[in-house]
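If you want the building blocks of each chain, they are given just below.
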Amino acid sequence: MQKSKHTLSVSTLAVVGILSALVFVTSFLSIPIGDISRIHFGNIMCLLSGLLFGPLIGGISAGLGSMLFDVFNPLYAPEFWITFLTKFAMGFVAGWLHRYGFKKLHAKLRYLFSALIAALVYVVLYLFKNFILSYYVKGIPWNALWVDLSIKAGSSTVNAIIAVIGSVLLALALQPALAASGLFKKQLGQ
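The structure reproduced in this document is the subject of the present report. What you see is a predicted model, and the numbers here were worked out from it, not measured in a lab.

### Thoughts on the pairing of strand β2 (residues 37–40)
- Burial of β2 is two-sided: the residues Ser37 and Ile39 facing one way and the residues Arg38 and His40 facing the other way are all buried.
- Bridge count between strand β1 (residues 30–33) and β2: 4 bridges; the pairing is antiparallel. Counterpart to serine 30 in the pairing with β2 is histidine 40.

Now the structure itself:
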């Protein structure tokens, strides 16, 4: 029987588990903005997962950790599957851009631009999801909808700025240690 090249190693599963747990826990660290939105630190770990470990590990870790946060919160539980998709996209885009999209840039700029674009992709997806749910599912009138989306756009922009800064600083700090440990090479398939 021939062994497949694409099997998951124990270290890969452990990394996904640890990163998902970090996303989950840091999502609890938040500052509520009324009943509509909140500033939280989970997106830092979503971006960091992709920046350090690539698109697939980053996307799965960001999606799982955020989805679990939603499942354990009655306010967000009905939308857990949407959260998985949007946060997966954030981690995946960050990882893909860092690994394949900005190869010619210096490492610091690669981290910065990859995180920035991934955070913007997430903000757009988040606002689109809220528009669809608010207008078509909940039937919120246009005037109230635009007020709601404006507040969410403001808090999402603040979340994005915090996430980009935090994830880039952490990636720059952690990457040398991960490379020295050999874990980085195992996860990147080198």
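### With respect to the packing of helix α2 (residues 42–71) against helix α4 (residues 107–137)
- Viewed as axis vectors pointing N to C, α2 and α4 meet at an angle of 130°, and their least axial separation amounts to 10 Å. When the interaxial angle is binned, α2 and α4 end up oblique. Crossing hand, α2 versus α4: right-handed. Between α2 and α4, the contacting residues are Asn43, Leu47, Leu51 and Leu52 on the first element and Tyr111, Ser114, Ala115, Ala118, Ala119 and Tyr122 on the second.
- The class makeup of the residues in the contact of α2 with α4 is 8 nonpolar, 2 polar and no charged.

### Points about the packing of aromatic side chains
- Under the counting rule described, the total for this entry stands at 16 aromatic pairs.
- Ring centres of phenylalanine 28 and phenylalanine 69 lie 4.8 Å apart, and the angle between their planes is 75°; this geometry places the pair in the edge-to-face category. Here phenylalanine 28 is found in helix α1 (residues 10–28), whereas its partner phenylalanine 69 is found in helix α2, with 41 residues between them in sequence.
- The class for phenylalanine 69 is buried, based on a relative accessible area of 6%.
- On the numbers, 5.8 Å between centres and 5° between planes, the contact of phenylalanine 131 with tyrosine 135 is stacked. Pair noted here: phenylalanine 131 and tyrosine 135 are both in helix α4, with a separation of 4 residues, about one helical turn.
- Looking at phenylalanine 131, the relative accessible area reads 18%, which means it is buried.
- In textbook terms, an aromatic cluster arises when at least three aromatic residues are bridged by ring pairs, as seen for Phe24, Phe28, Phe69, Phe72 and Tyr76.
- Over the aromatic face of tyrosine 122 sits the side chain of lysine 87, whose NZ or CZ is 4.4 Å from the ring centroid.

The rules behind each value
- Residues numbered from 1 in each chain as written.
- Predicted model: local features only at pLDDT ≥ 70, side-chain atom pairs only at ≥ 80, totals over all residues.
- Heavy atoms only, no water.
- Buried < 20%, exposed > 50% of the residue type's maximum accessible area, 1.4 Å probe, protein only.
- Helix = DSSP H or I, 4+ residues; strand = E, 2+ residues; numbered from the N terminus.
- Pairing = 2+ DSSP bridges.
- Axes fitted to C-alpha atoms, helices over the stretch in contact; angles between N-to-C directions.
- Parallel < 35°, antiparallel > 145°, perpendicular 65-115°, else oblique.
- Left-handed = near helix turned anticlockwise from the far one by under 90°.
- Contact = heavy atoms within 4.5 Å.
- Nonpolar A, V, L, I, M, F, W, Y, C, P; charged D, E, K, R; others polar.
- Phe/Tyr/Trp six-rings, centres within 6.5 Å; stacked < 30°, edge-to-face > 60°.
- Lys NZ or Arg CZ within 6 Å of the ring centre and 35° of its normal.

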